2 protein chains.
Amino acid sequence: MADTELDERKVKILNAIIKNYLETGEPVGSRTISKYTDLNLSSATIRNEMSDLEDLGYIVQPHTSAGRIPSDKGYRFYVNNLIAEKDKEVADMQEWMIEKTEKMESLLKNVAKTLANNTQYATLVSAPSVVSNRLKFVQLSAVDEHQVLSVVVMDGNIVKNKIITVDKPLDNETMLKLNMLLNTNLNGLTVDEINLALITKLKEQAGIHDEIIAQVLDTVAETITEGDDLQVYTSGATNIFKYPELADSKKASELLTTFEEKQSLMELLNDSTDGNENTGIQVYIGDESPISTMKDCSIVTATYELGDGVKGTIGIVGPKRMDYENVVDNIKSLKGQLDKLLKQEADRKNDNRN
Amino acid sequence: MADTELDERKVKILNAIIKNYLETGEPVGSRTISKYTDLNLSSATIRNEMSDLEDLGYIVQPHTSAGRIPSDKGYRFYVNNLIAEKDKEVADMQEWMIEKTEKMESLLKNVAKTLANNTQYATLVSAPSVVSNRLKFVQLSAVDEHQVLSVVVMDGNIVKNKIITVDKPLDNETMLKLNMLLNTNLNGLTVDEINLALITKLKEQAGIHDEIIAQVLDTVAETITEGDDLQVYTSGATNIFKYPELADSKKASELLTTFEEKQSLMELLNDSTDGNENTGIQVYIGDESPISTMKDCSIVTATYELGDGVKGTIGIVGPKRMDYENVVDNIKSLKGQLDKLLKQEADRKNDNRN
DNA sequence: AATTAGCACTCCATTCTAGTGAGTGCTAAC
DNA sequence: GTTAGCACTCACTAGAATGGAGTGCTAATT
């Protein structure tokens, strides 16, 4: 894994520089390293090595006669080694918060909150994309003469509801019939699988009530897709004030606005879903970030699975000098727990079916 | 309305000072006023008057040899006159956003967003307190063998749902029976009215299923009250960065954290519900605010009614030198529209009942 | 050939020093 | 009661002086 362009000593020195900078946030000088490491080298030697490292692009000087700070490339090197070599020691995490799974929404809110508390960075969690998720249950009920409540339950107990206004009251019998029709035909399907043929078939079977079926189906589709863009929960956004390099008015404003609007966060999370390979962990450093307002940040994301390719994402946003080890451990652990938890539920569901 | 301690000229000068300060945010000096007003007085005269106004506590000097800025008392005087005398010219507001009332939640989110855009301050909107609101419809449905979905619809089409886990599957007949039982007994009641006697009665009628009824009732209560503390939507919190006096790291951090946590915002909104008299508009200036992190802000709130004492609140948070006129106009107009809208719905409901 | 000591140099950050200007308060004249 | 005039205060700014951390280079050392 160690690049050939760096000999062992350079690697040690680079790591020392980065570790130190992660702690202090100040440029680190040759004398500091000379003492900090067990290499027993004088500051002059370190200076020569640092000069090489700078030529190679791993570190930079904010100005002549200042110490060095890691470049994006330096961070990248550090993180690659970290993730490749560490794959143990996943910290134990509180499980209390997963007790009540009934509500997906509050579960995810809790995940975001806990993670923000543990890491002191800003966190975001996206709900599993509903589009390729399966319908579990549909129900229409007459609330009053002109209003019909439609409730849709998806796998993972994601519940959506909407009130439809109808011109004429529906009698009980029709209601029952429609419910039967909807449930027998739709249950177990994904949104993608509800195609025109099926819709036509449903309408035929509904007879004179085809108008209503159409409206209901529209609503079902709408119900499922509507807030989908906005299904992202954030927490600890104001933690960024803890890091001076992000806390100045302009940057903080941009960052927090990004968090408030949530729109562009989705892009980030979607991007993560594709990108990462085997580990499921994705790290963006500085300019690597897909969101321009986060050029001065690092982002760590993990994708959790709900089965059948239905995925959601957890993310952490902090300064470039974030505590990558701790963050990766935390997020890995959480991802594991979510995977496990949702797996359990999927299994339980299958048991029921058999 | 004009206080006896201020003669007409002092009032004019005070107003001039405040108006000018609202625009510029800079301390305003005697020479500025001397030109700005049509009083044709020299700066020296203004100085004398300003000295008096300072003695009376309406304005303060940030330091000797600076101009004056309004004190909280000064703002208060200004606002009182403003609200008392202005009761016309309520700006016309876009109505498009109220088209789709089906979902209370998105309606309120929209209200917050629109208001934030119009005023460029931070806004918050609380959902009508569900506690004294009436149940409109309750429904239990079996999602699978161990999970029962309970949906509760309140007046104003506030829909809440929750999934209950049960040990034994419920057969169709029981389900129907329970639904009948719940709806005939609970519809039209407020949460407060569901007392022990009623619960006992329900349990008796449920026979061997009293356990389930208990659990369901628990859930209904929980469903209704649970997220109730958190039912507050905010928008434009990051607008505070537009006002230098709030944008420094420390203050901004505190303020935004308050907005993020939402907990204490509830106190503010609850406080407003009681406080205001006939107009329905409440203005907190600086220290008057019930939330300590907003000591440097002004807050304008309005209470909207959903009928039967069920109330929600709209609020705007900005710097003390906020554009009170515009804010009050906006919030008044919005309150009016919400009142009207919800009134309509209440009427429609009553029509249906007759 | 690699390492180190030593020294001159650079540049940021801090402190101090006027200098400037907006604004006041007071007094005396109108 | 109003105004002109003047001395005074105080924040803000620019510039100069100082100190210190850190570098790069060269020559000596191992």
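Residues numbered from 1 in each chain as written. Chains lettered and ligands numbered in written order. Predicted model: local features only at pLDDT ≥ 70, side-chain atom pairs only at ≥ 80, totals over all residues. Heavy atoms only, no water.

**Q** Before we move on, can you summarise the protein's contact with DNA strand C with the specific residues and values?
**A** Taken together, 20 residues surround DNA strand C, and among them R9, T45, T64 and S65 of chain A together with S30 of chain B come closest. In the interface set of DNA strand C, defined as its atoms within 4 Å of the protein, sugar plus phosphate atoms amount to 81%. Within the side chain of S30 of chain B, a nitrogen or oxygen atom sits 2.6 Å from a phosphate oxygen of DNA strand C. In the model, a base nitrogen of DNA strand C is placed 3.1 Å from a nitrogen or oxygen of the R47 of chain B side chain. Of all the secondary structure elements, the ones that give two or more residues to the surface near DNA strand C are α3 (43–56) of chain A together with α3 (43–56) of chain B. (Near = heavy atom within 4 Å. Polar contact = N/O pair within 3.5 Å; in protein donor to acceptor, adjacent residues only side chain to side chain. Helix = DSSP H or I, 4+ residues; strand = E, 2+ residues; numbered from the N terminus.)

**Q** Outline helix α1 (residues 8–24) of chain A, listing residues and values.
**A** Structurally, the α-helix is built with 3.6 residues per turn, so residues lying three or four positions apart point the same way. Residues and elements named next belong to chain A. Compared with the 24 Å implied by 1.5 Å per residue over 17 residues, the 24 Å span of α1 between its first and last C-alpha is a close match. All of the buried residues along α1 are K10, V11, I13, L14, A16, I17, I18, N20, Y21 and L22. Looking one or two places after α1, you find G25, whose phi comes out positive at around 75°. (Expected span 1.5 Å × (residues − 1). Buried < 20%, exposed > 50% of the residue type's maximum accessible area, 1.4 Å probe, protein only.)

**Q** Can you break down the packing of aromatic side chains residue by residue, with the values?
**A** All names here are of chain A. The tally for this structure, following the rule as stated, stands at 7 aromatic pairs over all chains. Between Y78 and Y324, the ring centres sit 6.5 Å apart and the planes meet at 65°, which makes this aromatic pair edge-to-face. Residue Y78 is located in helix α4 (residues 72–85), and its partner Y324 is located in helix α12 (residues 324–353); the two are separated by 246 residues in the primary sequence. A single burial state applies to Y78 and to Y324, both of which are buried. Here the aromatic residues Y75, Y78 and Y324 are joined through ring pairs into a cluster of three or more. For the cation-ring pair, K73 lies above Y58, with the distance from its terminal atom to the ring centre recorded as 4.5 Å. (Phe/Tyr/Trp six-rings, centres within 6.5 Å; stacked < 30°, edge-to-face > 60°. Lys NZ or Arg CZ within 6 Å of the ring centre and 35° of its normal.)

**Q** Quick one: what's the story with the sheet that holds strand β8 (residues 281–285) of chain A, residue by residue and with numbers?
**A** Residues and elements named next belong to chain A. Read across the sheet, 5 strands follow the order β7-β3-β10-β9-β8 without closing on themselves; strand pairing throughout is antiparallel. Two strands bound the open sheet, and with one partner strand each, they are β7 (232–235) and β8. Averaged over all neighbouring strand pairs, the angle between strand axes comes to 15°, with direction disregarded. Pairing analysis gives 5 bridges linking β8 to strand β9 (residues 297–305), with the strands arranged antiparallel. (Pairing = 2+ DSSP bridges. Axes fitted to C-alpha atoms, helices over the stretch in contact; angles between N-to-C directions.)

**Q** I'd like to hear about the relation of the copies chain A and chain B, residue by residue, with values.
**A** Expressed as a screw operation, the relation of chain A to chain B combines 0.0 Å of axial shift with a rotation of 180°, fitting to an RMSD of 0.1 Å. The two molecules are tied by a two-fold rotation axis, judged by turn and shift. Considering only C-alpha atoms, the residue of chain A closest to the rotation axis is S249 of chain A, which sits at 3.4 Å. Interface overlap between copies: 100% of the residues of chain A at the interface are likewise at the interface in chain B, consistent with a symmetric, same-surface contact. (Least-squares fit on C-alpha atoms with pLDDT ≥ 70 in both. Contact = heavy atoms within 4.5 Å.)

**Q** Just give me the short version of the environment of K162 of chain B, but keep the residues and values in it.
**A** Residue and element names in this part refer to chain B. With respect to the element layout, K162 can be found in strand β6 (residues 158–165). Of the residues examined, K162 reaches a relative accessible area of 9% and is grouped as buried. C-alpha separation for the pair K162 and N183, spaced 21 residues apart in sequence, amounts to 17 Å.

**Q** So what about the interface of chain A and chain B? Which residues, and what values?
**A** Taken together, the 38 residues of chain A in the interface contact 38 residues of chain B. Taken together, both faces of the contact between chain A and chain B bury some 3,300 Å²; the carbon and sulfur share is 51%. Linking chain A with chain B are 0 salt bridges. Linking chain A with chain B are 12 residue pairs in polar contact (both at pLDDT 80 or more). Looking at the side of chain A that touches chain B, its residues break down into 13 nonpolar, 14 polar and 11 charged. (Buried area = accessible area lost by both parts, 1.4 Å probe. Salt bridge = Lys/Arg side-chain N within 4 Å of Asp/Glu carboxyl O. Nonpolar A, V, L, I, M, F, W, Y, C, P; charged D, E, K, R; others polar.)

**Q** Please provide a residue-by-residue account of the side chain of S235 of chain B, values included.
**A** Residue placement: S235 of chain B occurs in strand β7 (residues 232–235). Not counting residues within four places of it along the chain, the set of residues in contact with S235 of chain B comprises E260 of chain A together with A112, K113, A116, Y121, A122 and T123 of chain B.

**Q** Provide a residue-level description of the sheet that holds strand β6 (residues 158–165) of chain A, including the pertinent values.
**A** All names here are of chain A. Strand order in the open sheet formed by 3 strands is β4-β5-β6, and the pairing between neighbours is antiparallel. The strands lining the two open edges of the sheet, one partner per strand, are β4 (135–144) and β6. When strand polarity is set aside, the average angle formed by the axes of neighbouring strands in this sheet is 15°. With 8 bridges joining them, strand β5 (residues 147–154) and β6 adopt antiparallel strand pairing. In the strand pairing of β6, V153 is matched with V159. Those strands touched by helix α6 (residues 172–186) are β4 and β5, and its axis lies near 165° from that of β4.

**Q** Could you give me a rundown of the pairing of β8 of chain A, with the residues and numbers involved?
**A** The element β8 of chain A is largely enclosed, with a buried count of 5 among its 5 residues. Every second residue of β8 of chain A is oriented toward a common face, with I281, V283 and I285 of chain A on one face and Q282 and Y284 of chain A on the other, all of them buried.

**Q** Any details on the protein's contact with DNA strand D? Residues and values, ideally.
**A** Taken together, 20 residues lie near DNA strand D, and S30 of chain A together with R9, T45, T64 and S65 of chain B sit nearest. Near the protein, within 4 Å, the atoms of DNA strand D are sugar or phosphate in 79% of cases. R47 of chain B is positioned such that a nitrogen or oxygen atom in its side chain is 3.3 Å from a base oxygen of DNA strand D. Of all the secondary-structure elements, those providing two or more residues to the surface near DNA strand D are α3 of chain A together with α3 of chain B. Top contributing element to the surface near DNA strand D by residue count: α3 of chain B, with 4 residues.

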